[in-house]
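Analysis of the macromolecular model
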Amino acid sequence: MKTQINSCFKNSFFVLITLFFVLKASAQEPIKVFILAGQSNMQGHGEMEKGEKGNLNWVVNNDKTGKYKHLRDANGDWAKRDDVYIYATDKFDSIKSGKLSAGYGAFATTIGPELEFGRIVGDEYGNKVLLIKTTWGGKSINVDFRPPSSVSDSGYVSLPSKPKDTGYYYVKMLSDIYEVLDNLHDYVPDYKGEGYEISGFAWHQGWNDRVNKEANKAYEKNLAHLIKDVRSDLGTPNLPVVIATTGMKGWEDKDPRALSIMNAQLAMAKYPEFKNNVSVVDTRDFYKERPDSPANQFYHWNRNAESYLLIGESLGKAMVDLKAKQTANNVLQLIRNVARYDSDFLTPTPPVGWNSWNAFEKDIDENKIKQIADIMVSSGMRDAGYKYLVLDDAWMAAERNENGQLVADSIKFPNGMKAVGDYIHSKGLKYGIYECRGDLTCQNLPGSFEHEEIDMQSFADWGVDYIKLDACFAKKNGRLSSEDFDVYHKAILKTGRSMVLSISDFGSGAWAWGGKNYGQLWRTSGDIFPRIQSVYRCAETSGGDGASHPAFNGLWQFAGPDSWNDPDMLQVGNLKSITEDKVHFSLWSILAAPIMAGNDLRKMSDEVKDIITAKEVLAINQDPRTHQGYRVYEKDSIEIYNKPLSDGTTAVLMLNKGEKVSDITVFWEQIGLAGKQPVRDLWLEKDLGEFSESFTAKSLEKHEHLLIKVGTVGSPLVAGPTPVSEDKYTVPKSGTTYLSDIYYMAKKGNAPVEDKTFHGEKIKIGRKKFKKGLGVKSNAEMMYRLNGRADRFQATVQIDRSSPKDSIGRFQVMVEEKFGGRVLFDSGKMKRGDKPVEIDIDVIDLEFILLDFSGKKVFGNWGDPKVISNN
Ligand code: GLA
């Protein structure tokens, strides 16, 4: 029963979809159908017998835990599942079908992920399960497996008819699937006309998309299209999709294209539209070294059977989890009647509101806040999207009440804080409030330390929706920042009220230590001031390479729903000119930054109001794709940022920070586009025409910019940049890692110079020259991610000889971050000429360490700073 490509496959799908519903309605328990698709890795090359070690026989014989007992039957033969059937293409494109057992890999002598995947879904969904495995090795989703919508809106230019045609195997996959679904009697021996339900789709592929540079570049976009197309072509819009990363050589694989494929795969789960319906499993842990495997063929997992068992198992579990979540979520969505976004997010897009600090500092009171609330409504701000009205520091009395509760400053807020919240809510706004995790706030009022639960409860009682949690004096808490925030997170959960937690820690690196597990946004910078240079400095911490290793190209890869990089509140309206105010707003917009207006609304000019409510500019910030803009060009005070949008276009900011009047040209190539593209000016809300390959903003004066939207609405999504792969900033599992060889997660102060002194010479400590090391100038903090994988940290430190005489420096190693960290090593004060100090300390189970060098204008050297993992 060899399949044929259906020449009008798209049309026949409609018929089939109708058929599907008819069939489904005719019996009670439809067969659950799972599709396993992909390339050679999904085909499966796990040897059953061949080789000395790591084949299926060996795995089952050496299975001490009994985990794989079920693979053999009572006679010692490979067991067959009575309730799970499989249809599978093999290496030669012939078809095998029957009850699931070992031997449905690329050959009759091999296995793939189907074996354990089938067990998990079989156990979970019982009754009858059918796996349809359509796989062809050596293909590319940029060519023969290419999904139609990635080619053009209307699909393929011509229908693929032979193997090398664009999309041939994509079409073949679908026609094979329908071939089976159409003829269930042939594939499910005791089929009784129950009908079927397409229940899930799993994808695992090999390395072909990395071979060709173009294919590699387009991979993320193609994969997203593949998911969407499969869903639409199967008529199952929310079909659960699980993807196993390509895996390659496991964690050792450093090939940039291999990493970019895997990162693109991992990125799928982060797309807002794929939240809770696509899940990705990272398979790199499943790689087994060659001596433990039947063959030396890393791209087929060294043909190790256990690798394929583990991949199948993780895909199966991910599928079950996803389906459970989806069911729960569907119910939730129905109850809450949320139309556009997943209701699980408190901040599906960056929060937008107004905060009192930049306008009034301590000088707030009930009247002012009420006036602000009124103006937020009357000015149209609320309707433009300004939801939160946040009271910053200094709303509270200097003493708590006799029950230890916070109380309002009775002069400023005579009716208490609940009344304030009631008023804010009565205006259709949300209520935000400030506290601090130290024992005092930054204004020396009562902080929440050791009152976390009481205070979160008071906030919940007052109807608070948003908490800005500051960090002054938190250093004294004796807790890590993550521990501190965990306390708040739990205290908030305990109240039962949904409250956004805004982490205000002056940019100490919350994105790095996992801030998103506790809050929805975190500062990336120190405080912002009403000067354009301060605005630029703050923007740089989120959109430039100021806060992290240049390879991050800013922190965009940490941004997304409930996970926002916050370069601080707005000074729009407080700056010197409208030109500056606009640049500020455009920067925050393109950086998907939280927008907290900070001007005195009572004195707001119409011009300023028009800026903060500019519809098309704000829409860039609020775009549901939630991609944070990233810098694509920076030279001679000229900067260009790009923010790929959900509608297939992309937003571009072209900014002249310099003194000279300049033209700025953006090339489509820099922003993931080509050919002729329409351009729209987002401030003027005006189409500027169509432009081929580039666009030039003419004669931009100092601090002038242009914010444009490029491309046609409805086009396939513009691909964003490839995220830096985690292993670039994570200590590998075993061996010795020099910290100068991996990226830091966050840094503050003077950047280290890698493998050189701060002045660029070779690092020399005592008599020894160090090839590896970090040259620093005080003050410099670098946070590295150990991921609980390292055992010891070692280094040799000394003050550099070029330091001024008598200058004093101090080397410290801490857990996590300086603001809320524990000191593991302290050199004490060191002077030039002091003997080198050897560090050799335990770092077992630590997620992050921080290397800190403090002092005044002094230079220091970390020689051979390294971590050692013994396992
Ligand atoms: C810190 C914060 C500011 C503001 C003040 C209030 O400096 O970073 O945003 O909240 O405290 O005291």
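**What to know about the sheet that holds strand β19 (residues 638-644)**
Taking strand neighbours across the sheet as the criterion, the six strands line up as β18-β19-β20-β25-β22-β23 in an open arrangement whose pairing is antiparallel. The open sheet terminates on both sides in strands that have one partner only, identified here as β18 (630-635) and β23 (686-692). Ignoring strand direction, the axes of neighbouring strands in this sheet form an average angle of 25°. Note that strand β20 (residues 650-656) and strand β25 (residues 705-710) share six bridges and pair antiparallel. Across the sheet, the residue bridging to Val652 is Ile708, located in β25. Sheet contacts for helix α19 (residues 578-590): β19, β20 and β25; angle to β20, the most-contacted strand, approximately 145°.

**Comments concerning the packing of aromatic side chains**
Within the structure shown, the criterion is met by 28 aromatic pairs. Between the aromatic rings of Phe298 and Tyr299, the centroid separation amounts to 5.7 Å while the plane-to-plane angle is 90°, which identifies the pairing as edge-to-face. Between Phe558 and Tyr729 the ring centres are 6.4 Å apart and the planes differ by 50°, which places this aromatic pair in the tilted class. On the criterion of sequence distance, the pair formed by Phe558 in the loop between α18 (532-543) and β16 (564-566) and Tyr729 in the loop between β25 and β26 (735-738) is long-range, its members being 171 residues apart.

**With respect to the confidence of the model for the chain**
Looking at the chain as a whole, its pLDDT mean stands at 90, while 93% of the residues score no less than 70. Here residues 1-27 scores under 50 on pLDDT; set against residues more than four positions off or in separate chains, the count is 48 contacts. Confidence drops under a pLDDT of 50 for residues 329-343, and excluding neighbours within four residues, the segment shows 18 contacts in the predicted structure.

**A closer look at the site of the ligand**
The immediate surroundings of the ligand are formed by 13 residues, with Asp392, Asp393, Lys468, Asp470 and Asp527 found nearest. A distance of 2.7 Å is found between an oxygen atom of the ligand and a side-chain nitrogen or oxygen belonging to Asp392. Gln443 places a side-chain nitrogen or oxygen 3.0 Å from an oxygen atom of the ligand. The protein chains hide 94% of the 300 Å² of surface that the ligand would expose on its own. Of the residues contributing to the shell around the ligand, the split by class is five nonpolar, two polar and six charged.

**Side note on the environment of Gly200**
For Gly200, the location among the structural elements is in strand β7 (residues 196-204). Sequence separation between Gly200 and Asn222 is 22 residues, and the spatial gap between their C-alpha atoms is 19 Å.

**Examining unusual backbone geometry**
Cis rather than trans, the peptide bond between Ser778 and Asn779 has omega equal to -5°. Its identity is not glycine, yet Ser699 carries a phi of approximately 45°, on the positive side. One can find Ser699 in strand β24 (residues 694-700). Given a relative accessible area of 44%, Ser699 falls into the partly exposed group. Phi is positive for Asp806, which is not a glycine, with a value near 70°.

Thresholds, definitions, all that
- Residues numbered from 1 in each chain as written.
- Predicted model: local features only at pLDDT ≥ 70, side-chain atom pairs only at ≥ 80, totals over all residues.
- Heavy atoms only, no water.
- Pairing = 2+ DSSP bridges.
- Helix = DSSP H or I, 4+ residues; strand = E, 2+ residues; numbered from the N terminus.
- Axes fitted to C-alpha atoms, helices over the stretch in contact; angles between N-to-C directions.
- Contact = heavy atoms within 4.5 Å.
- Phe/Tyr/Trp six-rings, centres within 6.5 Å; stacked < 30°, edge-to-face > 60°.
- pLDDT = per-residue confidence, 0-100.
- Near = heavy atom within 4 Å.
- Polar contact = N/O pair within 3.5 Å; in protein donor to acceptor, adjacent residues only side chain to side chain.
- Areas by Shrake-Rupley, 256 points an atom, 1.4 Å probe, with all protein chains shown as cover.
- Nonpolar A, V, L, I, M, F, W, Y, C, P; charged D, E, K, R; others polar.
- Buried < 20%, exposed > 50% of the residue type's maximum accessible area, 1.4 Å probe, protein only.

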